[in-house]
Structure formats: C-alpha cells, structure tokens
Amino acid sequence: MSDPSVHAVADSPLVQLLTPEGVRTTSPEHAYDGSLADIQDLFRDLVMTRRLDTEAFALQRHGELGLWPPALGQEAAQVGSARALRPQDFAFPTYRDHGVVLCRGEDPVHLLSIFRGSSLGGWDPADHNVALPNIIIGAQTLHATGYAMALTIEGLVGTGDPERDAASIAYLGDGATSQGDFNEALDWAAVHQAPVVFFCQNNHYAISVPLERQTRVPIVQRADGFGLPGVRVDGNDVLACHAVTTAALQRARDGQGPTLIEAVTYRMGPHTTSDDPTRYREAAEADGWRAKDPIERVRLYLAAEGVSQDWFDGVQAEADALGVHLREACQNIPEPDLAALFDHVHVDTTPETEQQKAEYVAWRDSLEGSVA
Amino acid sequence: MTEKMTMVKALNTGLRAAMDKDPKVIVMGEDVGRLGGVFRVTEGLQKDFGEGRVMDTPLAESAILGTAIGMTFRGFRPVVEIQFDGFVYPAYDQIVSQVARMHFRSGGRVPMPIVIRIPFGGGIGAVEHHSDSPEAQFALTSGLKVVSCADPHDAHWMIQQAIESDDPVVFMEPKRRYWESGQVDTASTELPLLASRVVRSGADATLIAYGPMVKTCLESAAAAAEEGLDLEVIDLRTLSPLDLGPVLESVRRTGHAVVVHEAQRTLGLGAEIASRITEECFYSLEAPVQRVTGYDMPYPPSRVEEEFLPGLDRILDAVDRARAY
Ligand SMILES: Cc1ncc(C[n+]2csc(CCOP(=O)(O)OP(=O)(O)O)c2C)c(N)n1
C-alpha cells in the first residue's frame, strides 16, 4: 500500500506440522496423531476438492456455469478443518468452501447448480449437517453461534459422551472480520461460552482489498478482546489445520467455549471467474505462495513414507472420474420451474401467492398456446 | 457537446466532474479504489484524487454509512458505493434510523449530503443477493430522496445533481444497463434531479417505468407501434418524491396506465402510483391501472429470471388488458 497511514499487519507465530518440503515438524501445543492411512485419506480429499474446483472453473469458462468462486490454494484449510468434524457437528460455510461441502458428504452437483443459476442451494442442511453456503459476508457466524447456544440449551455439550457432544463451526474470510455480525458473534459466543469454532481463512484479499485494509492486528488477536482463545495456523498445512480444529472442536464439545482459528493461506486464483486480480496484485506474490502448495507437500511426505506410485495413480483416476461425473451431471441439472418456486415462498402458502402462481401459470400456458 | 458512452463511463465522468468541482466530495466503498469498483464506475478516480478522497473501506456496510454520517459533520459530501443491492441491508439501520432522520431531528440544522449508490435489479444472470430491487424500502422512508437513472445522459447528470443535493439521495443504478451506450450531452443538465420525463409520446396508453425497465418499455412501445398502437412512455427518474405531473397529464389523455417495475408487486412503487392515478384521474380512466412487476417471491435462480422479470410480452399483454375494458 502506498498510503503511509496503513501498515502491514504484524506477524504472529503459526502452528505448522508439515513443511512445504513435506517434512513433519512439531509444535508445542498441537500434534497430528492420525495414521499414515489417515493422511492418505486427507490427501485424497485435497485432490478431490481441487478437482471439483478446477472442473467447475472450466465449466464456467465453457458457459455451463454463470460464475465460480475458486478455492484454489485453500484446500488444506477446508479439508483439514472439515475432516475434524464429527457427524453430529454442524458446519456453516461460505460460497467458497467447496471442500467443506464435499467433505461433509453433500453432493457437489448442488454447488454447480447454485453457480449455474439453477437453484439457491436446495439441499436439506440436516442431511449432512452442513448449511447452505452463505453469500452475505459474515452473517453465518451468528447462525453458528445460535446453533451452538441451542446445543447448550439441549444439554448436548460436556456430557462426556463422544457420540452425543456436538459443536458448530463457522467459516469466514479475512474480509468478514470487519463486519459487525462477526464481532457480535465473537462477543455472544464468548459471553455464552457457546460450543462454536470460528474458522477464518485469511487468504489475504477481500476481492481487491488486501488484509491491511481490514485490520491492523493479526486476525487471531481479535479473540483476545472478546475473551476467547485464538490459534493461528498454517492454512496450507492440512495436518496442522486438522490438529488445531480437532482441539478447538473438542474444547467446544467439552463445554469449554468457543475458539477463533486463523488459517493463514492465499487465494491463488481470482476472487471469482468475473474478477481480474492483475488489477490489484503482483503475479510475483502468488508465485511465492505456489511454493507452499497445500497438496504438493502431502504428496512429498507420503512418497517419502513409501506410498506407492500405484496408489497415487489410483487417486488420480478417482479425481478424473469425479471430473467426468461433474461434467455430465452439470448438463443434466434440471431447469428450475418458476411455477414450482411459488410453493416455497412460505410453509403455509398464502392466497396472494396462490393467486400470483395461478396468474403466472395461465400466462405461461397462453404463450405455449400461441406458439403451437 | 455530446459524446457517446456507456452508463458506467457516464457515471465515472459525472463523479469526476463533481470531485473536480468540490474538494469536499469523497468516494468510499468496497473495492472502489485500486480496482475501480466491481463495475468499474470509480475506475481511475483513486489514481487521480488520491487515497484520501477515494477510499477502499473495510468490508462493513454499516460502518460505511455510519462513518459517512460523521464526515458530513465536517462538511464532507460522501458518495458511498454499496457493491450490490443485496448488500445494503447491513447498512439499513444507519440509513433509515440515522441518515434519513438527522435533518429532521436537528430541527433543520444538520444536512446529510450523502449519496448512496446502489447497483440494482436483475437480468444479468447473477447469483443470489445480486439482483434485488429494494428501492421501495427506501422510498417509504421519510427523509430520503430516491432516484434512478435509465440512460447514460441521465446517469452523468443525475449523479452530479445528487452530490449537490444537501439531502441524502439513494441513487439506484440499473446494472443491466451499465454497459449500454448512449449520447451524453456534457454541457447541459436539462432537467432537475426530481423530475419525471416523457421519453416517448403516444396517444393510446401510458407506460410508467424507471431505471432498467424504461428501455424495456421503449422496446414494448416500438413493438406495439408495429401493430398500430401508440404508447407513451414516462421515465419517473425520481421515486421519492414522485413527480407525477407528467404521468397524470398523460393518463388524462390516454385513459390507460400500466406501471412496470422489477421489484415484487405487493407494496411496490406500482401500488402507490396506481393509487395516486386513481385518486387524481378517476374520471379519465377507461380501465384500472395495471401493474407488471416481479412476483412476490425472493429473487429466483437466474435461469428463470427472464420469466420473473417483466418483459415485452407481459407489458403488451397488460396494455391489451387495459384496452379491453
Ligand atoms: C454484506 C456483503 N457485502 C459485500 C459483499 C460482496 N463481496 C462478496 S465476496 C467479498 C469479499 C469477501 O472477502 P473475504 O471475507 O475475505 O472472503 P473471501 O472471498 O476472500 O473468501 C465481497 C466484498 C457480500 N457478499 N456481502
């Protein structure tokens, strides 16, 4: 920034458990205790998330989707955190958290459908305990807090039964930390000691606006002022993201209250397919981050551990199959029917809505009649 | 001196002119600086006027409006950009509870020369929250002025007039018309900010619209002309206060009125306009005032927006209905 009144955001230590070179390291308070097979599972999720993302990006370029917000570079943050969730936990994602939706087990074709303009989400959040992606910046942080407060009221926190105790997680970006909603959510969560984890992917940009324009302190420090713990983690390190989120969720389920996690990562692509990042950032900046790729370091680690090329090829084949499936499924997404949408305006439909629906149907039928 | 330009360019040159003229005019909003706004309306302004007068704000709409209020107390004239219609609601409290009432509460002592630019409306295939038409929610708030431009010439001049106004102006920009070009007469202002205008004269029925629907109505009138029907089209331009003089005069001549807007029907501007026409022109009316609007549902997924939004066929159908009485 050329404006001298705006300073770079100060640095703060990061939890890292796997270096960009693929070497395991330790951190005083956090450890990843999964097996090699578990890490292979995480690797598969990372590859699938990237495939979903690149496939959707290509579908947009082919005119099949109206828009796509790429998650390229943020796969480790999304997969590491989402895989720390138990089935009974509940996630509140944003429009960019494709990996979270995928890991929760929701059909990714729903995401294509949203960005194709065929639906506004359309799935039942209760199916896989994942809410519809939120576009209004910051709003979902309050939803997650309310969900967590409800868990407390229902006595689903701190019972000691791992099958019962539950928590919620809110996903947000660095830009979202400027919204009133987010600050209100932190306050409420702390006051109520609600079992919620705020998982902020600091990808350094809110569209064109750099982090320095949102905050003067590392995002993790926001936690201090509201009275909840904060953890800063290497967002491109899937093991570290998994470890810190697992610990934060466990605290929450145990009844020890909320945590703010800042996952430091980078948005490798444009904000969306409509955006041109060359207008506001230097290519060299992204190159530096490319060397910290979240998938490559896991590949290096697994290879060093003796995982066979056959296995990697198998994952690649699975990703290719996902790509083929998405391409086909995208074209088969049903066209929305405006008449049917009237039925979802209210639970108990109103005479006015019924009347407008009838008016619309009569109008549409008259057009069809005139064509015939 | 006329020049052909897009509405985006017309707004950009209008903003530039206002900033040149008055150093107290400042532009603020999300991505308005370096990027020049997601629609490029503020393109190049930061480069030329500096970061003090063209500010990329943190991502917080309530703060954008709330701090703009504070700046007016130091004589500034903030022009704030709300990135899309659906993102104005976090700022709604500051707009309706604070901006709209300050002059009234202070017994006329505190002006609120804030312009709130909102790209609004559908028809561009966008995702959720990017196609709303919230104009009525501001038009029903006393203390605000609400206007909407329909073509580049008006965009160029209305933005400057809005900035000159000592009252807060909600400035609704029809985003589906942003990239359409038109002649801009950069030397004449023609009309005051709060005046409606007959954009096509005709004898058989009156179409009343604003913003994005003005062009759709003009296209409808052109289609009707081929069938021998002569439609008058009025661009309201100002939504609060309404300038119904030309509307009433027209309806008295044609006897038929059709109000067209993208916003949902119930309690939309069409309701107010129909009611006023009925009060003022009852004996001239040959049919009830017709409305062609969006349906009463949240804006639908974009693949059905063409069916949700008023188009030529629905407008001409309403004209036929009116004329069949
Ligand atoms: C209330 C609101 N204001 C503005 C926008 C427009 N907008 C969409 S994404 C975005 C930037 C968000 O940045 P960040 O929170 O860092 O998340 P990221 O996109 O980087 O994942 C903006 C300004 C919005 N969606 N909602």
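Under the annotation held in an unreviewed UniProt entry, chain B carries the name Alpha-ketoacid dehydrogenase subunit beta and is attributed to Aeromicrobium yanjiei. Per UniProt, chain B carries the Cofactor (unreviewed entry) text "thiamine diphosphate".

If you look chain A up in an unreviewed UniProt entry, it shows as Pyruvate dehydrogenase (Acetyl-transferring) E1 component subunit alpha from Aeromicrobium yanjiei. Per UniProt, chain A carries the Cofactor (unreviewed entry) text "thiamine diphosphate".

## Concerning the overall build of chain B
If you tally the helices and strands in chain B, you get 12 helices and 14 strands. In terms of overall dimensions, chain B is globule-like: its C-alpha atoms have a radius of gyration of 19 Å, near the 20 Å expected for 325 residues. The principal-axis extents of the C-alpha atoms in chain B amount to approximately 60 × 40 × 40 Å. Going through the 325 residues of chain B one by one, you find that 61% of them count as buried. Within chain B, contacts between residues at least 6 apart in sequence are counted, and of these 81% link residues at least 24 apart. Here chain B displays about 11,900 Å² of accessible surface, and carbon together with sulfur accounts for 51% of that area. Looking at chain B, you have 32 positive and 46 negative side-chain charges, and the mean spots of the two groups are 5 Å apart.

## What to know about the overall build of chain A
When helices and strands are tallied, chain A shows 14 helices and 7 strands. Computed over C-alpha atoms, the radius of gyration of chain A comes to 22 Å, within 12% of the 21 Å expected from 2.2 N^0.38 for 372 residues, which places it in the range of a compact globule. Looking at chain A as a whole, 56% of its 372 residues are labelled buried. Within chain A, contacts between residues at least 6 apart in sequence are counted, and of these 74% link residues at least 24 apart. Counting every atom, chain A has about 15,100 Å² of accessible surface; 53% of that belongs to carbon and sulfur.

## Here we look at the packing of helix H1 (residues 36-61) of chain A against helix H9 (residues 238-253) of chain A
All names here are of chain A. Where H1 meets H9, the axes come as close as 11 Å, and the angle between the chain directions of the two elements is 110 degrees. Relative to H9, the element H1 lies roughly perpendicular. Note on element contacts: H9 touches H1 through Val238, Leu239 and His242, opposite Ile39, Leu42 and Leu46. The residue makeup of the contact of H1 with H9, split by class, is 5 nonpolar, 1 polar and no charged.

## Structural notes on helix H12 (residues 312-323) of chain B
Look at H12(B): 16 Å from first C-alpha to last across 12 residues, which is about the 16 Å you get at 1.5 Å a residue. Within H12(B), burial applies to Arg314(B), Ile315(B), Leu316(B), Ala318(B), Val319(B) and Ala322(B).

## Topic: the pairing of strand S4 (residues 77-81) of chain B
All names here are of chain B. Taken across its 5 residues, S4 has 5 buried, putting it largely inside the fold. Burial along S4 is two-sided: Arg77, Val79 and Glu81 facing one way and Pro78 and Val80 facing the other are all buried. Taken together, the 5 bridges between strand S2 (residues 25-29) and S4 define a ladder with parallel strand orientation. Paired with methionine 28 across the strands is valine 80, a residue of S4. Where S4 lies against strand S5 (residues 115-120), 3 bridges are found, and the strand directions are parallel. Across the sheet, the residue bridging to valine 79 is valine 115, located in S5.

## As for the interface of chain A and chain B
The extent of an interface is frequently quoted as the accessible surface area lost upon association of the parts. Taken together, the contacts link 44 residues of chain A with 38 residues of chain B. Interface of chain A and chain B: buried area, both sides summed, is about 3,600 Å²; carbon and sulfur atoms make up 58% of it. Three residues stand out in chain A for area buried against chain B, namely Leu120(A), Arg279(A) and Trp363(A), and they jointly supply 18% of the buried area on that side. At the surface where chain A touches chain B, the tally comes to 4 salt bridges. Measuring nitrogen to oxygen at the nearest pair gives 2.8 Å for the salt bridge that ties Arg265(B) to Glu359(A).

## Observations regarding the domain arrangement of chain B
Residue and element names in this part refer to chain B. The assigned domain composition of chain B is domain 1 (2-185) and domain 2 (197-324). Computed from C-alpha coordinates alone, the two centres of domain 1 and domain 2 are separated by 26 Å. With 27 residues of domain 1 at the contact, the number on the domain 2 side is 24 residues. In this assembly, domain 1 packs against domain 2 so that about 1,900 Å² is buried in total across both faces, 49% of it on carbon and sulfur atoms. The largest contributions to the domain 1 side of the interface with domain 2 come from Glu135, Arg176 and Arg177, which together make up 22% of the buried area. Where domain 1 packs against domain 2, one counts 5 salt bridges. The residue aspartate 154 makes a salt bridge to arginine 237 at a minimum N-O spacing of 2.8 Å. Where domain 1 packs against domain 2, one counts 15 residue pairs in polar contact (both at pLDDT 80 or more). Going through the elements one at a time, helix H6 (135-139), strand S6 (145-148) and helix H7 (152-164) are the ones with two or more residues in the side of domain 1 that touches domain 2. Per element, the largest residue contribution to the side of domain 1 that touches domain 2 is 4 residues, and it comes from S6. In terms of residue class, the side of domain 1 that touches domain 2 is made up of 12 nonpolar, 7 polar and 8 charged.

## Things to note about the layout of surface pockets
All names here are of chain A. Of the pockets and cavities examined, the second largest pocket occupies roughly 570 Å³. Lining of the second largest pocket is provided by 30 residues; of these, His204, Leu211, Glu212, Glu285 and Trp289 occupy positions nearest its centre. Of all the elements in the fold, those that place two or more residues in the lining of the second largest pocket are strand S6 (230-234) and helix H10 (283-290). Tallied by class, residues from the lining of the second largest pocket come to 13 nonpolar, 6 polar and 11 charged.

## Overview of the pattern of salt bridges
Here the idea is simple: oppositely charged side chains can pair when their charged atoms come close. Inspection of every chain in the model, using the stated rule, returns 42 salt bridges over all chains. For the salt bridge of Glu51(B) with Arg213(A), the shortest nitrogen-to-oxygen distance reads 3.0 Å. Pair noted here: Glu51(B) is in the loop between helix H2 (45-49) and strand S3 (54-56) and Arg213(A) is in the loop between strand S5 (209-210) and helix H8 (222-226), and the two residues belong to different chains. The buried category is assigned to Glu51(B), whose relative accessible area is 17%. Overall, Arg213(A) belongs to the buried group, its relative accessible area being 16%. A salt bridge links Glu272(B) to Arg276(B); the shortest N-O distance between them is 3.3 Å. Of this pair, Glu272(B) and Arg276(B) are both found in helix H10 (residues 269-281), 4 residues apart, which corresponds to roughly one turn of the helix.

## Concerning the UniProt feature "domain: Transketolase-like pyrimidine-binding" (unreviewed entry) in chain B
According to UniProt, the positions carrying the feature "domain: Transketolase-like pyrimidine-binding" (unreviewed entry) are residues 5-180 of chain B. Here residues 5-180 of chain B is 35% helix and 18% strand, with 8 Å between the C-alpha atoms at its ends.

## What about the site of the ligand?
In the vicinity of the ligand there are 20 residues, among which Tyr95(A), Arg96(A), Ile135(A), Gly175(A) and Glu61(B) approach most closely. At the site occupied by the ligand, nearby residues are drawn from chains A and B. Between the ligand and Gly175(A), the relevant distance is 2.7 Å, taken from an oxygen atom to a main-chain nitrogen or oxygen of the residue. When grouped by side-chain class, the residues that make up the shell around the ligand number 10 nonpolar, 6 polar and 4 charged.

What counts, and where the lines are drawn
Residues numbered from 1 in each chain as written. Chains lettered and ligands numbered in written order. Predicted model: local features only at pLDDT ≥ 70, side-chain atom pairs only at ≥ 80, totals over all residues. Heavy atoms only, no water. UniProt positions renumbered as here; feature names shortened; annotations may be inferred. Helix = DSSP H or I, 4+ residues; strand = E, 2+ residues; numbered from the N terminus. Rg over C-alpha atoms; globule rule 2.2 N^0.38 Å. Buried < 20%, exposed > 50% of the residue type's maximum accessible area, 1.4 Å probe, protein only. Contact = heavy atoms within 4.5 Å. Areas by Shrake-Rupley, 256 points an atom, 1.4 Å probe, with all protein chains shown as cover. Lys, Arg positive; Asp, Glu negative; His and termini not counted. Charge placed at Lys NZ, Arg CZ, Asp CG, Glu CD. Axes fitted to C-alpha atoms, helices over the stretch in contact; angles between N-to-C directions. Parallel < 35°, antiparallel > 145°, perpendicular 65-115°, else oblique. Nonpolar A, V, L, I, M, F, W, Y, C, P; charged D, E, K, R; others polar. Expected span 1.5 Å × (residues − 1). Pairing = 2+ DSSP bridges. Buried area = accessible area lost by both parts, 1.4 Å probe. Salt bridge = Lys/Arg side-chain N within 4 Å of Asp/Glu carboxyl O. Domains from an automatic or database assignment. Polar contact = N/O pair within 3.5 Å; in protein donor to acceptor, adjacent residues only side chain to side chain. 1 Å grid on protein atoms, 1.4 Å probe; cavity = no way out; pocket = protein on both sides within 12 Å on 5 of 7 lines; lining within 4 Å. Points joined across faces, edges and corners; volume = space filled by probe spheres on them. Near = heavy atom within 4 Å.

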